[in-house]
Amino acid sequence: MTDRRRSPAPFAEPIYVTRPLLPPLESLTPRLAQVWATQQLTNIGAQHAQLEAALRDYLGVRELSLFTNGTAALITAIRALDVTGDVLTTPFTFPATPHALSWSGLTPVFCDIDPSTLNLDPEAVARAVTSRTSAILAVHVYGTPCDVTALQQIADRHGLRVIYDAAHAFGARVLDRPIGTFGDASMFSFHATKLFHTAEGGALACADPSLKAKVDDLRNFGIHGPDAVDGVGLNGKMSELHAALGLAVLERLDAELAQRRRLLSRYGDRFAAMDGIRWLQTADTRDSSCQYAVIRVDASAFGCSRDTLHDRLREYNVYTRKYFHPLCSDYDCYRDHPSASPANLPVAARAAKEVLCLPLYGGLADTDVDRICDMVAAIGEAAHGRLVARVE
Ligand code: T4K
């Protein structure tokens, strides 16, 4: 007899891949009153100073500079570290990563990724080093730490800079150390879609005070003092309004994280037993940024492809994201680069076809996650039913 389970009811309201942590409006008022009283709206005021210090402590890094967004922070890191020529990087990332290199007149050289972490594969990186290479730009994708030890060994062997795109990795730890303490510099994104956010914003962390001083000048047009412009800088300064929002968000981060941890473990429990779905455990949730809930869909075992699952979930009012599809190496602006050839990037190509980011944010209830898992299960079962019917 056929097991005819009832399909779960769609959500009445759309469920997005994320929603920002929004502190109560009243919690912002006293901070905004201070801004109004001083009339300093930007150019490194009191809110900025307070947030920079608070985040330096929270992230456990020696030096930190706030920015208007993570991309500006990355471009500034590249300039401050005098990176030249070719930079080894991953195709499995947001466009900002290779674009920061191209925008700086550098050439991104794509290397394949590790099938378990989906981060740069150190062996592929080691094979790609040439006399033109000056740096590695690695991404802690979904907040999963890169193999920081192996990447640093390659960099030391060849005299390369290491820059981390830690856009997803706020608060993550590896090897008993905060994630922002590895490499020459690490960029964090504080976009509204991130665990910690300032609506738009970002930061650059480093250990070297002289690098921080250079970064701060470059963030402010290269202005070094009243009568000196020492470098080709940009305007990357975070405003007082964004910094005030960040301070209010930071106060509520523990509750947000606690709920995200619960949701992640709920997803993990359900997907551990679902055929064709592989749950990507980014790290022990105590050491994780809890930024994304990610599955990989094995189409033959699950019954339908990742793309079909994504489309069917929309019928249930659930809006998932294919982070990161297409690969950056498939964009028109990069596909002609020799390193962008699909033959060079087989692991990344497969991951880009299989990954799906599911809703994850503190405002999501435990029962919402149960319903989303029921929907995934129902879609798989329906797909299998059709497959069997077709074979018969
Ligand atoms: N490196 C990496 C590895 C990155 O992932 C990113 C950014 C960067 C560098 C660059 O950092 P930033 O320069 O941005 O600081 C989003 C974000 O815009 C982007 O910051 C992020 N990565 C990327 C992974 O995701 P979209 O195009 O997917 O965002 P959007 O607007 O479609 O938002 C997704 C969902 O979030 C919406 O369906 C609803 C919800 N949402 C979004 C916004 C903006 C809200 O509820 N409220 C909001 O205000 O790129």
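Right above here is the structure, for reference.
Residues numbered from 1 in each chain as written. Predicted model: local features only at pLDDT ≥ 70, side-chain atom pairs only at ≥ 80, totals over all residues. Heavy atoms only, no water.

Considering the site of the ligand
In the vicinity of the ligand there are 26 residues, among which Arg19, Thr71, Asp165, Arg321 and Tyr323 approach most closely. Contact between the ligand and aspartate 165: a nitrogen atom at 2.6 Å from a side-chain N or O atom of the residue. A distance of 2.5 Å separates an oxygen atom of the ligand from a polar atom in the side chain of tyrosine 323. Considering the ligand on its own, with 920 Å² of exposed area, one finds that the protein chains cover 77% of that surface. (Near = heavy atom within 4 Å. Polar contact = N/O pair within 3.5 Å; in protein donor to acceptor, adjacent residues only side chain to side chain. Areas by Shrake-Rupley, 256 points an atom, 1.4 Å probe, with all protein chains shown as cover.)

Observations concerning the pairing of strand β5 (residues 161–165)
The element β5 is extensively covered by neighbouring structure, given that four of its five residues are classed as buried. Bridging between strand β4 (residues 133–139) and β5 involves five bridges; their strand directions are parallel. Among the inter-strand pairings, alanine 135 is bridged to a residue of β5, identified as arginine 161. In this fold, β4 hands off to helix α6 (residues 148–158), which returns the chain to β5; that crossover is right-handed. (Buried < 20%, exposed > 50% of the residue type's maximum accessible area, 1.4 Å probe, protein only. Helix = DSSP H or I, 4+ residues; strand = E, 2+ residues; numbered from the N terminus. Pairing = 2+ DSSP bridges. Right-handed = clockwise from strand over helix to strand, strands pointing away.)

With respect to the sheet that holds strand β14 (residues 355–358)
The sheet built from three strands is open, its strands ordered β12-β13-β14 with antiparallel pairing. Single-partner strands in this sheet number two, and they are β12 (277–280) and β14. When the angles between neighbouring strand axes are averaged without regard to direction, this sheet yields 30 degrees. Packed on one face of the sheet, helix α9 (residues 253–272) meets β12, β13 (293–297) and β14 and runs near 150 degrees to β12. Packing of helix α11 (residues 306–315) onto the sheet brings it into contact with β12, β13 and β14, and relative to β14 it is tilted by some 25 degrees. (Axes fitted to C-alpha atoms, helices over the stretch in contact; angles between N-to-C directions. Contact = heavy atoms within 4.5 Å.)

Description of the pattern of salt bridges
Scanning the model with the defined rule gives 19 salt bridges in all. Two residues, aspartate 370 and arginine 266, come together in a salt bridge whose shortest N-O distance is 2.9 Å. Of this pair, aspartate 370 sits in helix α13 (residues 366–391) while arginine 266 sits in helix α9, and the two are 104 residues apart along the sequence. The exposure class of arginine 266 is partly exposed, given its relative accessible area of 31%. (Salt bridge = Lys/Arg side-chain N within 4 Å of Asp/Glu carboxyl O.)

Considerations on the layout of surface pockets
Approximately 370 Å³ is the volume found for the second largest pocket. Considering the residues around the second largest pocket, the lining is formed by 21 residues, among which Phe94, Ser189, His191, Thr193 and Lys194 are closest to the centre. If you list the elements that add at least two residues to the lining of the second largest pocket, you get α3 (70–80), α4 (96–103) and β8 (185–189). Of the residues belonging to the lining of the second largest pocket, the class tally is eight nonpolar, ten polar and three charged. (1 Å grid on protein atoms, 1.4 Å probe; cavity = no way out; pocket = protein on both sides within 12 Å on 5 of 7 lines; lining within 4 Å. Points joined across faces, edges and corners; volume = space filled by probe spheres on them. Nonpolar A, V, L, I, M, F, W, Y, C, P; charged D, E, K, R; others polar.)

Things to note about the packing of α3 against α4
Between α3 and α4, the least distance of the axes is 9 Å, while the angle of their chain directions is 45 degrees. Considering their axes alone, α3 and α4 lie oblique with respect to each other. For the pair α3 and α4, the sense of crossing is right-handed. Counted together, Thr71, Leu74, Ile75 and Ile78 of α3 and Ala96, Thr97, Ala100, Leu101 and Trp103 of α4 form the full contact between these two elements. For the contact of α3 with α4, a count of residues per class yields seven nonpolar, two polar and no charged. (Parallel < 35°, antiparallel > 145°, perpendicular 65-115°, else oblique. Left-handed = near helix turned anticlockwise from the far one by under 90°.)

Regarding the sheet that holds β5
In sheet architecture, strand pairing relies on hydrogen bonds along the backbone and comes in two forms, parallel and antiparallel. Read from one edge of the open sheet, seven strands run β1-β9-β8-β5-β4-β2-β3, paired in mixed fashion. Edge strands, defined here as strands with exactly one partner in the open sheet, are β1 (63–67) and β3 (107–110). With direction set aside, neighbouring strand axes in the sheet form an average angle of 25 degrees. Of the strand pairs in this sheet, β1 and strand β9 (residues 202–206) are connected by five bridges, and their pairing is antiparallel.

The analysis is restricted to geometry; functional conclusions fall outside its scope.
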